[in-house]
Amino acid sequence: MKYKFGRKSRAKRLVAFALVLGMGLSMAGCGKEAKDSRPRAKSIFEFFDSEPDTEDPWSTEQSTEPGTGDVIVDPPVIDPPTADPNKYSDTENEELNKLFKEFFDEGVTSSSISFRNYIKDGKNFGLQAPSPATLGDPDREYTEEGFMEDKKEVEDWISRLEAIDVNTLTEQQRFDYDYLLDNLKSSLVTYENVYIGGDFSPMSGVQGNLPSVFTDWIFESKEDIQLYIDVMKLYPPEVDKALEFEKLRVEKGYGYEDCVIDKIISQCDEFLNQTGENFLITVFNEQIDGFAGVTDEERADFKKQNEEAVTNYLVPMYQRIKDTFTGLKGTNKIKGGLCNFEEHGAEIYAYLVREYTGSTKTPEQMIAYVDQAINNIRTRMDTMYLTDTDAYLYFISNETTLFNYMSNMKAEEVVNDLMNRVMGDYPDIGKINYQALYFDKSMEKMKENTLAYYMIPPIDDKDGNLIRVNGAHKDDMWITLAHEGCPGHMYQTNYYKQTNPQNFRFIGTELGYIEGWAVYASYESLKYCDFNGSEYAEQLRELAAMDEQLGYLIQGRIDLGIHVEGWTVSDIENFLSRNGMNASAAERIYTFLVGNPALYLSYSVGYMEMKDLRDYAEDELGDKFNVVEYHRTVLDAGPCKYDQLKKRVDKYILETK
């Protein structure tokens, strides 16, 4: 699962329910999705239904929490006025280290899911798992008082951090301090105008992502199996609270549009209308049959408990979700993007853009930024069409089959092939142990648009890396597994672990950095793909990268169009048609993006910011640029905003010149 900051209480509680609400953001598989079939012009369009990556407790999802007051949207001032940006201590400030530890400890022990996702053995951290199983403090879920109490905790953390004399910090401590304080201050906006965002969005909602929590649960002990069953029973009452909050959102005028509701209902139907035994029963039985740590009697008892939990808890829960949203159809009062919300809609979108991209650019600046990038790609493709027509036409004719030679390879073979071919451009971290497992057949339909995702193991588990692959889709496996595996998310995660960072850095997320790196790394990996010995391999590498990038950029531009300029489905159709793309996908795209503002910008703008930094460093250093050392600089920083990352790159440039 990917690092997540923020839902409910960023400061203290890692509410496990928020883990599922944010699953779409936390699966590091994130958005490598299956393609729609479409006619081809001189450029190629891809629509990604993201299940991104994403999963984890403090999600930066579009969520907002009930509260009152003015919206906070300006980037916060981090250092007190007396801070000297060039002064660092030679010794660490132990008071700050204690605060960092306290922040981490309180977060990961607040729920059973949070503890399990981040910690394999509590003894390694001096911590104990919550007992009995819990998803957090039920008295503070979806109540005005609870959210305001959470906000007060955030404000208290800010005050405690600001009391630290930043001139007593080492350089790394200052970096971590800035990172945490920035995120805490930014999070205050999530307690304002709370009714704009809901918890059942098509991409990151509980109804679509809860199954992955359980299908990816690897059993390591009898206690772990019992926890699985106990946690499953805890979700229905949490979902019921979320449904009541959804009704309140509707009363306030902020409910989902019918097109979004239809998608939510269809996701429930995919769970409810299975033929035969529910897949959560099937998958559980298969896994426990392969687990040697129980007796036959215990195995039979666990199977019975799980079947009862699925049948008597989850199935009725999904039915209630479906029934609630069926009853809410036709109640939406405000249609379209956040710009149509007169009270603070634009400000909320600006906040989401910053959170998802890590960029300092405003939404209006991003429109020009993305438009220019799209035009640049179109120009490059047009130029290649004119100067290398045969290669271009070969690409257009074979784009959907370029990687078919991998269709008979297992996912593990592709990941290993990538490790052998491309990792010379990256710092060596030794062997990475992992599993590449395929979806259960019953999950292939529920996640039909998801090609793969990477699940991050606990901090103290270096061998539990898991890549899940949809066996129904074998196209583009090179790019997909470069994104999820190496040099993408799996490498990125394992590299950062070896830097021994402060533990709290693992429970925050910066999707712009995380997805920006994975997209960048997957494109870079194409330099080593020979397309099965094609005579056009060199041209295909460039065209394939541009094709992928164009898909993300188009998606991001439509998101900006909907939420800044008020684009309708008709506007999207016109935009796609003007760009020689399949306009029939417009309604589907609208449905996903209107319910998930700014999310896709983490891929498109995140990549562009990452690539711009690489280009900047190369331009500044010329022949002195070393790709391995540059990648080391970026990876050493860990997930952060791009203004922080640029400071690290500037230091690398200064020290290298």
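Our structure is the block above this text.
What counts, and at which threshold
- One numbering rule holds for all chains: residues counted from 1, following each sequence as written.
- In keeping with the model being predicted, local features are shown solely for residues with a pLDDT of at least 70 and side-chain atom pairs are shown and tallied solely at 80 or more, while totals for entire chains, interfaces and linings include all residues.
- In computing side-chain values, all of the structure's heavy atoms are included and hydrogens and water are not.
- Strands here mean DSSP runs of E at least two residues long; helices mean DSSP runs of H or I at least four residues long; both are numbered from the N terminus.
- Here the term buried applies to any residue with accessible area under 20% of the maximum for its type, exposed to any over 50%, and partly exposed to those in between, with areas from a 1.4 Å probe on protein chains only.
- Whether two residues are in contact is decided by their heavy atoms, any of which lying within 4.5 Å being enough.
- Areas reported as accessible are Shrake-Rupley estimates using a 1.4 Å probe. Residue values count occlusion only from the protein chains shown.
- Here, any two strands with at least 2 DSSP bridges between them count as paired.
- For this analysis, a polar contact is any N or O atom pair within 3.5 Å, provided that within protein one partner can donate a hydrogen and the other can accept it, and provided that sequence-adjacent residues contribute only side-chain to side-chain pairs.
- Throughout this description, the term nonpolar core refers to a set of buried Ala, Val, Leu, Ile, Met, Phe, Trp, Tyr and Cys residues connected via side-chain atoms within 4.5 Å.
- Pairs were defined over the aromatic rings of Phe, Tyr and Trp, the Trp ring being its six-membered one, requiring ring centres within 6.5 Å. Orientation was assigned from the angle between planes: stacked under 30 degrees, edge-to-face over 60, tilted for the rest.
- Here a helix's expected span is defined as the number of its residues, less one, multiplied by 1.5 Å.
- All axes are obtained by fitting lines to C-alpha atoms, using only the stretch in contact for helices, and the reported angles, taken between N-to-C directions, cover 0 to 180 degrees.
- Roughly parallel refers to an angle under 35 degrees, roughly antiparallel to one over 145, roughly perpendicular to one between 65 and 115, and oblique to any angle outside these ranges.
- With the far helix as reference, a near helix turned anticlockwise by less than a right angle produces a left-handed crossing, and one turned clockwise produces a right-handed crossing.
- Residues were grouped as follows: Ala, Val, Leu, Ile, Met, Phe, Trp, Tyr, Cys and Pro as nonpolar; Asp, Glu, Lys and Arg as charged; and all remaining residues, including Gly, as polar.

Draft legend 1. Examining the overall build of the chain more closely. Helix and strand counts for the chain stand at 25 helices and three strands. With 657 residues in all, the chain has 62% of them scored as buried. Taking the intrachain contacts of the chain between residues at least 6 apart in sequence as the baseline, contacts between residues at least 24 apart amount to 82%. As displayed, the chain offers around 23900 Å² of accessible surface, 46% of which is attributable to carbon and sulfur atoms.

Draft legend 2. Here's a closer look at the pairing of strand 2 (residues 452-455). With burial as the criterion, each face of strand 2 is covered, one bearing A452 and Y454 and the other bearing Y453 and M455. Strand direction decides the pairing type here: strand 2 and strand 3 (residues 465-469), joined by four bridges, are antiparallel. Paired with M455 across the strands is L466, a residue of strand 3.

Draft legend 3. Quick look at helix 24 (residues 627-637). Counting buried residues along helix 24, eight of its 11 residues qualify, which places the element largely inside the surrounding structure. Among all positions in helix 24, only V627, V628, Y630, H631, T633, V634, L635 and A637 are buried. Buried residues belonging to helix 24 abut helix 6 (171-187), helix 18 (489-498), helix 19 (511-525), helix 23 (601-621) and helix 25 (642-656). You can read the cap of helix 24 off the contacts: a side-chain oxygen lies 3.0 Å from the backbone nitrogen of V628, and it is on N626. Looking at the residues trailing helix 24, positive phi occurs at G638, about 75 degrees.

Draft legend 4. Quick peek at the nonpolar core. Core analysis: the largest hydrophobic core is formed by 200 residues, its most contacted members being F200, F214, F325, I558 and L576. Here this core takes 13 residues from helix 20 (residues 537-564), the largest share from any one element.

Draft legend 5. Representation of the packing of aromatic side chains within the structure. On inspection of all chains with the given rule, the structure shows 32 aromatic pairs. Arranged with centres 5.4 Å apart and planes meeting at 85 degrees, the rings of F219 and Y228 form a pair that is edge-to-face. On the basis of an interplanar angle of 5 degrees and a centroid distance of 5.3 Å, the ring pair of Y552 and Y603 is categorised as stacked. With Y552 in helix 20 and Y603 in helix 23, this residue pair connects regions lying 51 residues apart in the sequence.

Draft legend 6. Quick look at helix 13 (residues 363-387). Here helix 13 is 25 residues long and its end C-alpha atoms lie 36 Å apart, about the 36 Å a rise of 1.5 Å per residue gives. Residues of helix 13 that are buried make contact with helix 12 (345-357), helix 14 (389-398), helix 20, helix 21 (569-578) and helix 23.

Draft legend 7. Representation of the environment of I196. For I196, the location among the structural elements is in the loop between helix 6 and helix 7 (206-215). On the basis of relative accessible area, I196 is assigned to the buried category, the value being 13%.

Draft legend 8. Quick peek at the packing of helix 9 (residues 258-272) against helix 11 (residues 296-328). Interaxial distance between helix 9 and helix 11 falls to 9 Å at its minimum, and their mutual angle equals 155 degrees. The orientation of helix 9 relative to helix 11 falls into the category roughly antiparallel. Helix 11 is crossed by helix 9, and the crossing has left-handed handedness. Counted together, I261, I264, I265, C268, D269, F271 and L272 of helix 9 and L314, V315, Y318, Q319, I321, K322, F325, T326 and L328 of helix 11 form the full contact between these two elements. Of the residues contributing to the contact of helix 9 with helix 11, the split by class is 12 nonpolar, two polar and two charged.

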